[in-house]
Amino acid sequence: MRRIRRGILEKKTSELKKYLVGRLTNDDLKAFYEAESGESDRLPSFWHYAISDGTGVKKLKLNSKQIEEIPPQAWEIPFKSVDFEDNKLSTIPDEILNISASLKRLMLSQNVLREFPAVICSLSNLTELSLKQNRISSVPSSIASLEKLESVDLRSNRLASCPEGLLKIRKLRILYLGMNSIRNIDSICELKDSHLEHVDVSNNNIGSLTPNIRFHRKLTYLNLENNEIQKIPPEIALCPVLQHMPCTGNAVRNIQYSIISKGTQSVLDYLRNKLPEDILIAESASYAAPSQTSGADTSASSGAFPSAHHDTQMTEKPKRSSAS
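Residues numbered from 1 in each chain as written. Predicted model: local features only at pLDDT ≥ 70, side-chain atom pairs only at ≥ 80, totals over all residues. Heavy atoms only, no water.

A. Geometry of the overall build of the chain. For the chain, the helix and strand inventory stands at seven helices and nine strands. Long-range pairs, those at least 24 residues apart, make up 37% of the contacts in the chain between residues at least 6 apart in sequence. A total of about 16,900 Å² of accessible surface is found on the chain, and carbon and sulfur atoms cover 48% of it. (Helix = DSSP H or I, 4+ residues; strand = E, 2+ residues; numbered from the N terminus. Contact = heavy atoms within 4.5 Å. Areas by Shrake-Rupley, 256 points an atom, 1.4 Å probe, with all protein chains shown as cover.)

Here is the structure:
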């Protein structure tokens, strides 16, 4: 009893139970359920998949189990990570809010969700969310309330537009929107002071990009493959740390395919050479000013500004598949 804080002991029985169960190790779980079932090779279906990291039960992994409804026991332990991928879930119960204080990672890919579960927008501590390969056609604007969200995967759904609420999340770094029916990503291009680093909008119906995509100062990966883009704006070459930009599978008219097939570095070099000199000078100056203040060696006269353009793009055109 000395190991349990007085504040915990004074709480309700249900809260005390959550605390104690959360301190169980994998060996504790196995011993308990062997005693309960009398068999070591057939443990109860739910607890058998609770995983301890040595300090307590932190993860629940129940993927590929043909589950149609999440068992109530799932919300009795303060899990940090819950994985129900590759099941038959059509709804997410409100009881998930019982673990909202601890839940950081929620994986619901490959289910049959026809609507974005509204309850997810109340999971305030969530940092990673995957809803890939469902049947979701829209995302509520209230998702903007998830201020800690850093990674979202919505590939292979039925989205017709870019979820505006997601773009209001300041900490969002990774965004997967490939394999949908999105026609316009102006809202992404026009973002200012964005923290986005990795964006996948491949296999959509996107027709154009706006020049203001140049203001994405942290963007390192942008997948544009298999869309309907006819022109890639030269200004994209001003993204200072853009390293990977797969863009095959488009009808690009302002860049020869022989250049595109060589990969990201060749494309960005070509586009940079198409920029007016005054834009290049202004861009160089915008980087040189703060560097000179700190005593760093910069050379605006050389026209060089920070660039991490690096090519690993595959030239093979990937196949396009449809959402379920």
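B. Quick look at the environment of Ser 137. Structurally, the position occupied by Ser 137 is in the loop between strand E5 (128-130) and strand E6 (151-153). C-alpha separation for the pair Ser 137 and Leu 159, spaced 22 residues apart in sequence, amounts to 4.5 Å. Discounting chain neighbours no more than four positions away, the residues touching Ser 137 are Arg 114, Arg 158, Leu 159 and Ala 160.

C. Local environment of a positive patch on the surface. Taken together, Lys 80, Lys 104, Lys 148 and Lys 171 make up a surface patch of like positive charges. With respect to the helices, strands and loops of the structure, Lys 148 is situated in the loop between E5 and E6. (Patch = residues over 30% accessible without salt bridge, like charges linked within 9 Å, V, L, I, M, F, W, Y side chains within 5 Å. Salt bridge = Lys/Arg side-chain N within 4 Å of Asp/Glu carboxyl O. Lys, Arg positive; Asp, Glu negative; His and termini not counted. Charge placed at Lys NZ, Arg CZ, Asp CG, Glu CD.)

D. Summary view of the nonpolar core. If you look at the biggest cluster of nonpolar residues, it comprises 70 residues, and the most contacted ones within it are Phe 84, Leu 106, Ile 120 and Ile 236. Elements that contribute at least two residues to this core include exactly helix H4 (186-189), helix H5 (257-260) and helix H6 (264-272). In terms of residues, this core owes the most to one element, H6, which gives three residues. The residues touching Phe 84, leaving out its near neighbours within four places in the chain, are Leu 60, Leu 62, Asn 63, Ile 67, Ile 70, Ala 74, Trp 75, Leu 89, Met 107, Leu 108, Ser 109 and Asn 111. (Core = buried A, V, L, I, M, F, W, Y, C linked by side-chain atoms within 4.5 Å. Buried < 20%, exposed > 50% of the residue type's maximum accessible area, 1.4 Å probe, protein only.)

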